[in-house]
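Coordinate analysis (summary)
The lines below spell out each chain.
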Amino acid sequence: MNNNETLIPLLGVVTDIRTETPDVKTFRVNAVGGGKVFEHIPGQCAFLSIPGVGEALFSITSSPTNKEFMEFSIKRCGCVTTWLHEMEVGQMVTIRGPYGNGFPVDTELKGKDLLFIAGGIGLAPVRSVINYVRAHREDYGHIDIVYGSRSKEDLVFYDEIVNEWIGEKDCDVHLTIDREQDNWDGHVGFVPNYVKELGLRNTSTAVLCGPPIMIKFTLAGLKEIGFKDEQVYTTLELRMKCGVGKCGRCNVGDKFVCKDGPVFRFDQLDKMPSEY
């Protein structure tokens, strides 16, 4: 799909809404006649719009191996997201995309041991990659997933993690929360420290996504245990605005996140801005 086509809004129908956490819901979207609105690759994004309210860019959190629908996991944090959180099944939205380059699942990641590290809602774009890899399990090596949030209640996709990811062949899932709580007997601590404690293999290729401060300290921790910038990918989708390289809001050094990213290897970024 070329840039001109991605600028044209298409109609979608919200066919399911799941509450993931107190402030995150997952919206299942179908084309009006059924099926997916368009195809995508893991890590790409789309604009969802409510006419008269506004539009915002979100990761497509479902895997492209799902041929029936698309999903978006959205945190309530502003005007558009508040309206979306108040929607009901059967209502319509406009959707345009896909935008961005996605993760190189069929090239650079293929055949590698993989390490996924996410914090909070940062698991949303990573979920698409994880489920793509699970659907093509024979093409990838060992999988480690390190995921943390403020509390057990803030862990998104918790049921999917427990019922599907844990127990996946040659896959280890490591969950952590920031502070102790009564109904949690797992690890307690911040993701960057947990990554160093786990003694993970530094030959893996890492996919990293979460709050900027988490990314900063996790990357430093990965380097301490022997990871190189060329082994670590992240997504900078939060910097995207227009999606087609016209507004200049997403430039990072000599790169435009929307045209050159949002997925980057850390060695591809000339200079990370202070907030990343």
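Numbers given to residues run from 1 along each chain, matching the order in which its sequence is written. A pLDDT threshold of at least 70 governs which residues receive local features in this predicted model, and a stricter bar of 80 or more applies before side-chain atom pairs are shown or counted, although totals over entire chains, interfaces and linings include all residues. For side-chain calculations, the full set of non-hydrogen atoms in the structure is used, while hydrogens and water are omitted.

1. A look at the sheet that holds strand β8 (residues 143-149)
Heads up, the condition is: Strand pairing follows a simple DSSP-based rule, namely that at least 2 bridges must link the two strands. Where helices and strands are cited, they refer to DSSP runs of H or I of at least four residues and of E of at least two residues respectively, numbered from the N terminus. Every residue pair with non-hydrogen atoms within 4.5 Å of one another is taken to be in contact. Interaxial angle, 0 to 180 degrees, is taken between N-to-C directions of lines fitted to C-alpha atoms, where a helix line uses only the stretch in contact.
The strand order across the open sheet built from 7 strands is β10-β9-β8-β7-β11-β12-β15, with neighbouring strands paired in mixed fashion. Strand pairing shows two members of the sheet lacking a second neighbour, β10 (187-188) and β15 (263-265), which therefore form its edges. Both strand β7 (residues 114-119) and strand β11 (residues 205-209) contribute to a ladder of 5 bridges, which runs parallel. Across the sheet, residue Ile117 finds its bridge partner in β11, namely Leu208. Helix α4 (residues 158-165) rests against β8 and β9 (171-177) of the sheet, and its axis sits at about 150 degrees to β9.

2. Focus: the sheet that holds strand β6 (residues 92-99)
Ordered by their spatial adjacency, 6 strands build an open sheet running β4-β3-β6-β1-β2-β5, and the pairing between neighbours is antiparallel. Only two strands of the sheet have a single neighbouring strand rather than two, namely β4 (54-59) and β5 (70-75). Taken pair by pair, the neighbouring strands of this sheet meet at an average axis angle of 40 degrees, ignoring direction.

3. Comments concerning α4
To keep things clear, this is the line we draw: Classification of residues uses two cut-offs on accessible area relative to the type maximum, computed with a 1.4 Å probe and protein chains only: under 20% is buried, over 50% is exposed, and between them is partly exposed. The arc in question is the one traced by the directions running from the helix axis out to the C-beta atoms.
By the burial criterion, the buried members of α4 are Glu160, Ile161 and Trp165. The buried residues of α4 occupy an angular sector of 100 degrees when the element is viewed end-on, so they sit on one face. Along α4, the residues that are exposed and aim more than 90 degrees away from the buried face are Asp159 and Asn163. Its buried side turned inward, α4 meets α3 (123-135), β8 and β9. In the segment just after α4, Gly167 is the residue with positive phi, at about 105 degrees.

4. Some remarks on helix α6 (residues 212-224)
Rules: Expected span, for any helix, means 1.5 Å times one less than how many residues it has.
End to end, α6 covers 19 Å across 13 residues, agreeing with the expected 18 Å (1.5 Å per residue, within 8%). By the burial criterion, the buried members of α6 are Met214, Ile215, Thr218, Leu219, Gly221 and Leu222. On an axial view of α6, the arc spanned by its buried residues comes to 160 degrees, and they lie on one face. Every exposed residue of α6 that faces more than 90 degrees away from the buried side is listed here: Ile213 and Glu224. The inward-facing, buried residues of α6 contact β7, α5 (191-197), β11 and β12 (232-235). Trailing α6 by a residue or two, Gly226 shows a phi angle of about 105 degrees, which is positive.

5. Considerations on the packing of aromatic side chains
Any aromatic ring pair is given by two values, namely how distant the centres are and how the planes are angled relative to each other. Cut-off, in case you're wondering: Put simply, two rings from Phe, Tyr or Trp (the six-membered ring, in Trp's case) pair if the centres are within 6.5 Å, and we call them stacked under 30 degrees between planes, edge-to-face over 60, tilted for the rest. When the NZ atom of lysine or the CZ atom of arginine is within 6 Å of a ring's centre and also within 35 degrees of its normal, the charge is said to sit over that ring.
All chains considered together, the criterion is met by 1 aromatic pair. Where Phe47 meets Tyr99, the ring centres are 5.3 Å apart and the plane angle is 85 degrees; that geometry is what we call edge-to-face. Here the residue Phe47 occupies a position in strand β3 (residues 45-50), and Tyr99 occupies one in strand β6, the gap between them amounting to 52 residues. The lysine or arginine in question, Arg28, covers the ring of Phe69, its NZ or CZ lying 3.8 Å from the ring centre. The ring of Phe217 has Lys216 sitting right over it, with the charged end atom 5.7 Å from the ring centre.

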